[in-house]
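# Structural overview for review
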Amino acid sequence: MNSNLKEQVLRSSGVNVLKCMRCGKCSGTCPSYDEMEYHPHQFVYMVEKGDIETLMKSESIYKCLTCFACVDRCPRSVEPAKVVEAVRLATIRQQGCNHLIADSIPEMLDEDLPQQAIVTAFRKYTK
Amino acid sequence: MQRIGVFVCHCGTNIAATVDVKAVAEALSHESGVVISQEYQYMCSEAGQNLIKDAIKEHKLTGVVVCSCSPRMHENTFRKAAASAGLNPYLVEIANIREQCSWIHKEIATATEKAVILGRAAIAKVHLNAPLIAGESPVAKRALVIGGGIAGIQTALDIAEAGFDVDIVEKEPTIGGKMAQIDKTFPTLDCASCILTPKMVDCSQNEKIHIHSYSEVSAVKGFVGNFTVTIKKKARFIDETKCTGCGICTEVCPMKKVPNAFNMGLDNRTAVYIPFAQAVPKVATIDANYCLKLRGGTIKEKVCGKCAEACTAGAINYKQQDEFIEQTYGAIVVATGYNPIKLDKFDEFAYNQCPDVVTSLELERLMNAAGPNGGTLLRPSDKTHPHKIVFVQCVGSRCDDSKGKPYCSKICCMYTAKHAMLIREKYPDTEVYVFYIDVRTPGKNFDEFYRRAVEQYNVHYIKGMVGKVTPKADGKIDVQASDLLSNEQLHIDADLVVLATAIEPDQTARPLATILTTQMDTNDFFTESHPKLRPVESATAGIFLSGVCQGPKDIPETVAQASAAAAKAIGLLVKNSITCNPCVAHSNELMCNGCSACEKVCPYGAITYQDKEFRMPDRTTAIRRVAGVNPAVCQGCGACTVACPSGAMDLNGFSNSQIMAEVDAICK
Amino acid sequence: MQVNDNKDFQPLIVAFCCNWCSYAGADLSGTNRLNYPTNVKIIRVPCSCRVNPMFILRAFQRGADGVILCGCHPGDCHYTSGNYFTRRRMTLLFSMLDFLGIERDRTRVEWVSAAEGAKFAATMNEFTEAVRKLGPNRRLEDLRCRKQ
């Protein structure tokens with residue numbers, strides 16, 4: 001168990017996982033539940049346990065659509081989607097390389113790509 | 001010259017272990033005015049008290065300082081001891097050297113030093129103590145109960161039983177409250193009406209109980225034993241003394257499309273109505289918002305009037321106005337109850353979109369023999385039998401966000417088990433699912449009851465929360481939920497969805513708390529005086545709490561608390577007079593300049609101004625406006641003493657000079 | 001602002017506590033054995049609104065280094081509205097002290113309920129430390145009142 005990793009996930013997500021009362025409403029509301037190996041309520045619990053490496057290796061974190069249904073409906077304001085995003089970020093940071101070079105971006109752009117997606121990509125793929 | 005006795009307590013080793021009590025007694029014996037300074041193992045014991053009593057007599061003490069535990073603990077003990085030895089009890093001061101010294105410090109040297117300073121401050125204060133005599137004020141032998149649900153009814157019956165007059169103020173046209181709407185009660189499954197309505201009848205027949213239905217409390221003045229309350233009787237456009245409750249008016253009323261609040265809006269009633277058959281008082285009420293003749297605020301001369309024509313008793317009076325009654329009470333019991341929360345913020349449960357998503361209280365009406373379907377459970381939308389019913393627990397309870405309530409509503413687990421069981425019993429072909437987070441069933445026979453629902457009635461309990469409810473075109477309702485134990489997401493095609501909605505205090509509670517000057521928590525529940533030892537008294541003397549207005553409760557707990565509140569109220573009412581706190585403000589009329597600053601800050605209205613004649617230095621007389629304090633009303637907060645610009649206002653027991661002396665002694 | 005490095009300096013702190021909330025909170029921190037420095041000496045008043053600004057000035061005049069006033073949380077006052085008066089009066093007093101050149105950290109108003117023993121102890125620790133850093137109160141102290 002890597003406690004630094006847990007600390008990093010908690011810090012970058014800003015989520016207090018101890019607020020979770022394990023009601024499972026996040027999993028009850030998740031649209032890509034069936035695609036996932038681990039489910040939203042499990043994400044939160046695994047981060048609480050510090051079992052982050054397993055999560056990072058799982059494909060589940062890339063199945064999350066970041067639709068924020070769980071964030072909206074969580075009765076305890078735990079915000080599971082933010083935890084997922086933080087785990088993704090941790091993975092990227094661990095790889096330690098820049099996936100994007102500023103100069104190469106214009107040719108990668110698609111006219112139909114929403115502006116928000118570009119900003120998100122910047123945030124995700126740059127260290 | 002003052003003759004002061006100092007008594008230092010060891011409290012076993014509680015004090016003596018960290019404070020050198022002998023050194024404290026020795027140091028304090030040199031203070032001015034101290035004639036005797038002693039230490040003893042346990043001052044609060046019989047022997048310790050005798051030590052103080054003997055010293056008072058022997059040394060003719062004029063003041064006593066006890067260095068011991070917190071004054072909140074034993075101040076009264078030592079005051080009583082002093083009084084029995086002939087010393088005015090208010091000449092005793094406590095130096096708190098246990099909670100605020102020995103228990104929090106570790107080093108003997110510094111703790112001892114601090115104990116000496118605290119003792120010195122108490123000695124400085126006691127030098128300036130004046131003997132005080134507690135006044136008395138009479139108790140009005142009548143109680144007011146605000147709210148006529150089961151809590152209010154039980155309290156009123158118990159107080160009346162003891163022989164005191166009780167008034168019930170109920171804002172609805174009938175007493176009975178929420179319990180009248182409930183079908184069956186857990187865990188015995190007996191009919192709620194069958195046990196409630198006899199009590200309602202007892203209330204109406206008891207000559208000590210006076211019911212003000214369709215009324216509200218609009219103002220409260222005064223204090224414990226002597227509250228003056230203004231009750232607003234809202235115009236019901238029916239003369240209560242003439243109406244026989246025959247109900248002919250409701251038959252002839254042409255306005256039949258008024259949502260029936262008693263049935264949670266699931267059916268309609270007429271504009272003139274009696275809420276339900278067993279209503280007490282059984283008197284009709286005209287709803288002026290819907291009555292063809294009265295709506296819009298003016299009486300339309302040539303419109304309708306059918307109820308007046310039909311009424312053989314001549315009880316209908318379209319010109320009736322709101323009436324205000326003023327009455328004096330010795331005690332007030334608050335029993336304002338609860339309501340289910342509004343579900344506007346919970347879009348995911350589709351409550352506002354789909355008529356077949358109902359709250360539990362609505363389900364009670366749907367299943368009730370006196371309800372809209374005569375007791376047959378039918379879907380509100382198409383009046384067919386539901387075959388698959390989903391119950392959702394904790395809707396709005398245990399929420400950390402602004403949408404819901406942070407507390408557990410306590411009753412939902414049990415009533416859901418009850419509903420599930422009743423449905424399986426009556427309609428065995430119905431599948432019942434209950435989605436729960438935790439099943440909380442503490443209470444006598446409660447867990448057995450819940451287990452019966454699972455084991456005997458085969459109700460499907462699933463650990464997990466419903467995430468989304470979607471009404472479908474074919475009339476079914478898609479319920480999407482997680483099953484945390486099998487780790488899968490479920491979709492259930494339900495016919496009816498029942499939401500165990502959180503409960504919240506009635507909306508009238510907060511304005512009432514302001515009128516009564518009682519405390520409330522952030523959830524608008526009334527705060528009890530002590531969470532463990534004084535659970536039915538509010539912090540304001542003479543005001544008691546009964547039922548859900550203090551916190552979520554089921555019926556047996558409510559009744560128990562109602563009787564407890566009644567017992568406390570009776571304990572107050574049997575007294576002919578009550579002792580007042582003598583530590584009240586008083587004004588020095590010679591110094592008062594009549595500015596009214598104190599009158600404005602007094603939260604109790606205890607200060608009044610009057611014109612008085614004064615002899616002036618040149619032997620003439622002048623009339624000056626000066627402040628006077630009513631010692632029975634003043635609670636002794638001291639706000640006025642600081643507001644007074646001329647220094648005329650002072651507080652007994654905590655006078656300016658006393659506190660200054662304490663400051664000086666500490667800073668010496 | 002001068003920072004006092006003298007660790008041996010023991011400030012004298014006067015705490016006014018209302019009888020219903022803060023004094024009970026102080027008792028609770030005692031019952032729970034939560035330590036705070038001996039520098040703090042508590043004076044019991046019925047309500048925080050009983051504290052005349054004069055008392056605070058008097059304490060400074062007589063050589064106190066810090067004064068803290070504790071009352072019930074706003075809305076929870078036993079006397080309904082007393083602590084609201086306190087809040088307004090102290091705002092005025094503190095701005096005057098500020099004008100006189102008395103450091104803001106020497107005075108404080110804190111809401112402590114009867115259930116907040118831990119908060120009481122933490123507040124006292126923190127306040128004592130803050131005053132210790134400021135060093136002795138010289139500006140308001142009346143030297144004629146000094147111990148010989």
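Structural notes, computed from the coordinates. Along each chain, the written sequence defines residue order, and numbers are assigned to residues from 1. By the order in which they are written, chains take letters starting at A while ligands take numbers starting at 1. The model is predicted, so local features are restricted to residues of pLDDT at least 70 and side-chain atom pairs to those at 80 or more, both for listing and for counting; the totals for chains, interfaces and linings are taken over all residues.

## Brief notes about the overall build of chain A
We apply this condition: In this text, helices come from DSSP runs of H or I with a minimum length of four residues, and strands from runs of E with a minimum of two, each type numbered from the N-terminal end. Buried means a residue has 20 or more other C-beta atoms within 10 Å of its own C-beta, exposed means 12 or fewer, and partly exposed covers the counts in between; C-beta atoms are placed from the backbone. By the convention adopted here, residues are in contact when the distance between their C-beta atoms, placed from the backbone, does not exceed 7 Å.
Helix and strand content of chain A: 9 helices and 0 strands. Counting over 127 residues, chain A shows a buried share of 35%. Considering only intrachain contacts with a sequence separation of at least 6, the fraction spanning at least 24 residues in chain A is 71%.

## Focus: the overall build of chain B
What chain B contains, in helices and strands, is 17 helices and 36 strands. In chain B, which comprises 668 residues, the proportion classed as buried is 49%. If you take every contact in chain B between residues at least 6 apart in sequence, the share linking residues at least 24 apart comes to 70%.

## Points about the sheet that holds strand 1 (residues 4-9) of chain B
All names here are of chain B. The following threshold applies: Pairing between strands is defined by DSSP: at least two bridges between the two strands are required. To define axes, lines are fitted to C-alpha atoms, for helices over the stretch in contact only, and angles between the resulting N-to-C directions are given on a 0 to 180 degree scale.
With parallel pairing, the 4 strands of this open sheet are ordered in space as 2-1-3-4. Strands at the two margins of the open sheet, each flanked by one partner only, are strand 2 (34-40) and strand 4 (92-96). Across the sheet, the axes of successive neighbouring strands diverge by a mean angle of 15°, strand direction being ignored. When strand 3 (residues 63-68) meets strand 4, the two strands line up parallel, connected through 5 bridges.

## Re the interface of chain A and chain B
Between chain A and chain B, the residue contacts involve 16 residues of the former and 19 residues of the latter. No other element matches the 4 residues that helix 2 (residues 25-29) of chain A contributes to the side of chain A that touches chain B.

## Describing the environment of valine 201 of chain B
All names here are of chain B. The topology assignment puts valine 201 in helix 7 (residues 192-205). For valine 201, a count of 13 C-beta atoms within 10 Å translates into the label partly exposed. The spatial distance from the C-alpha of valine 201 to the C-alpha of glutamine 278 is 8.7 Å, given a sequence separation of 77 residues.

## Concerning the environment of cysteine 354 of chain B
All names here are of chain B. Within the element layout of this structure, cysteine 354 appears in the loop between strand 19 (338-340) and strand 20 (357-359). Classification of cysteine 354 as partly exposed rests on a count of 19 C-beta atoms within 10 Å. Between the C-alpha atoms of cysteine 354 and alanine 606, which are 252 residues apart in sequence, the distance is 56 Å. With residues near it in sequence (within four places) discarded, cysteine 354 still touches Pro471 and Ile477.

## Here we look at the packing of helix 11 (residues 412-426) of chain B against helix 12 (residues 446-455) of chain B
All names here are of chain B. Rules: The crossing is said to be left-handed when, going from far helix to near helix, the turn is anticlockwise and less than a right angle, and right-handed when the turn is clockwise. Any residue that is not Ala, Val, Leu, Ile, Met, Phe, Trp, Tyr, Cys, Pro, Asp, Glu, Lys or Arg is counted as polar, Gly included; the first ten are nonpolar and the last four charged.
At their nearest, the axes of helix 11 and helix 12 sit 9 Å apart, and the two run at 35° to each other. Note on packing geometry: the crossing formed by helix 11 with helix 12 is left-handed. Two secondary-structure elements touch here, helix 11 through Met414, Ala417, Ala420 and Met421 and helix 12 through Phe446, Phe449, Tyr450, Arg452 and Ala453. Across the contact of helix 11 with helix 12, the residue classes break down as 8 nonpolar, no polar and 1 charged.

## Some details on unusual backbone geometry
Look at the link from phenylalanine 186 of chain B to proline 187 of chain B: it is a cis peptide, with omega at -10°. Turning to its location among the elements, proline 187 of chain B is positioned in the loop between strand 8 (184-185) and strand 9 (190-191). For arginine 22 of chain A, which is not glycine, the phi dihedral falls at a positive 55°. Of note, arginine 22 of chain A is situated in the loop between helix 1 (3-13) and helix 2. On the basis of neighbour counts, which here come to 15 C-beta atoms within 10 Å, the residue arginine 22 of chain A falls in the partly exposed class. Despite not being glycine, glutamate 79 of chain A shows a phi value in the positive range, around 65°. With respect to the helices and strands, glutamate 79 of chain A occurs in the loop between helix 6 (69-73) and helix 7 (80-95).

## A few points about the sheet that holds strand 22 (residues 431-436) of chain B
Residues and elements named next belong to chain B. Taken together, 5 strands build an open sheet; the order of strands is 20-27-21-22-23 and the sheet is parallel. The open sheet has two free edges, formed respectively by strand 20 and strand 23 (460-463), since each of these has just one partner strand. Adjacent strand axes in the sheet meet at a mean angle of 25° when their direction is disregarded. As judged from the 5 bridges shared by strand 21 (residues 388-395) and strand 22, these two strands associate in the parallel manner. Considered in strand 22, the bridge of valine 390 is made with tyrosine 433. The strands that helix 11 touches are strand 21, strand 22 and strand 27 (496-501); relative to strand 21, the one it contacts most, it runs at about 175°.

## Thoughts on helix 10 (residues 360-367) of chain B
All names here are of chain B. Counting buried positions along helix 10 yields 6 of 8 residues, so the element is predominantly enclosed. Within helix 10, burial applies to Ser360, Glu362, Leu363, Glu364, Arg365 and Leu366. Packing partners of the buried residues in helix 10 comprise strand 20, helix 11 and strand 27.

## What to know about the interface of chain B and chain C
On the side of chain C, 37 residues touch chain B, which itself brings 38 residues to the contact. Elements with a contribution of two residues or more to the side of chain B that touches chain C: helix 4 (98-102), helix 5 (108-127), helix 16 (639-643) and helix 17 (656-667) of chain B. For the side of chain B that touches chain C, the element with the highest residue contribution is helix 17 of chain B, accounting for 8 residues. Along the lines of polarity and charge, the residues of the side of chain B that touches chain C split into 19 nonpolar, 11 polar and 8 charged.

## Brief notes about the environment of alanine 109 of chain B
All names here are of chain B. With respect to the helices and strands, alanine 109 occurs in helix 5. When the 11 C-beta atoms within 10 Å are taken as the criterion, alanine 109 is described as exposed. As a C-alpha pair, alanine 109 and threonine 62 span 47 residues in sequence and 31 Å in three-dimensional space.

## Re the pairing of strand 24 (residues 466-471) of chain B
Residue and element names in this part refer to chain B. Pairing of strand 24 with strand 25 (residues 477-483), which is carried by 5 bridges, proceeds in the antiparallel orientation. Within strand 25, the residue paired with valine 466 across the bridge is alanine 481. Between strand 24 and strand 25, which follow one another and run antiparallel, lie 5 residues, and glycine 475 among them has a positive phi close to 95°.

## Let's talk about the arrangement of the chains
In this assembly 2 pairs of chains touch, with chains B and C having more contacts than any other pair. For the non-touching pair chain A and chain C, the nearest C-alpha separation works out to 22 Å.

## Notes on the pairing of strand 3 (residues 66-71) of chain C
Residue and element names in this part refer to chain C. What counts here: Looking down the strands as they point away from you, a crossover is right-handed if its path from the first strand over the helix to the second goes clockwise.
Within strand 3, 6 of the 6 residues are buried, leaving the element largely enclosed by the surrounding structure. Residue alternation in strand 3 divides its side chains into two sets, Gly66, Ile68 and Cys70 and Val67, Leu69 and Gly71, and both sets are buried. Across 5 bridges, strand 1 (residues 13-18) lies against strand 3 in parallel orientation. Residue pairing for strand 3: cysteine 17 is matched across the bridge by cysteine 70. In the sheet, strand 3 pairs with strand 4 (residues 107-111) via 5 bridges, with the strands oriented parallel. Counterpart to isoleucine 68 in the pairing with strand 4 is arginine 108. Between the parallel pair strand 3 and strand 4, the chain is carried across by helix 3 (residues 82-100), and the sense of this crossover is right-handed.

## A short note on the packing of helix 2 (residues 46-59) of chain B against helix 3 (residues 71-84) of chain B
Residue and element names in this part refer to chain B. Going by this rule: Between 65 and 115 degrees an angle is taken as roughly perpendicular, under 35 as roughly parallel, over 145 as roughly antiparallel, and anywhere else as oblique.
Look at helix 2 against helix 3: their axes get within 9 Å of each other, and the N-to-C directions meet at 40°. With respect to helix 3, the element helix 2 is oriented oblique. When the axes of helix 2 and helix 3 are compared, the crossing they make is right-handed. In this structure, helix 2 contributes Gln49, Ile52, Lys53 and Ile56 to the contact, and helix 3 contributes Phe78, Ala81, Ala82 and Ser84. For the contact of helix 2 with helix 3, the residue count by class is 5 nonpolar, 2 polar and 1 charged.

## A closer look at helix 1 (residues 21-29) of chain B
Residues and elements named next belong to chain B. This is how it is decided: The arc in question is the one spanned by the directions pointing from the helix axis to the C-beta atoms.
Buried residues of helix 1: Val21, Val24, Ala25, Ala27 and Leu28, and no others. Summarising the axial view, the buried residues of helix 1 lie within an arc of 165°, below the 170-degree limit, and thus occupy one face. On its buried face, helix 1 sits against strand 1, strand 2, strand 3 and helix 5.

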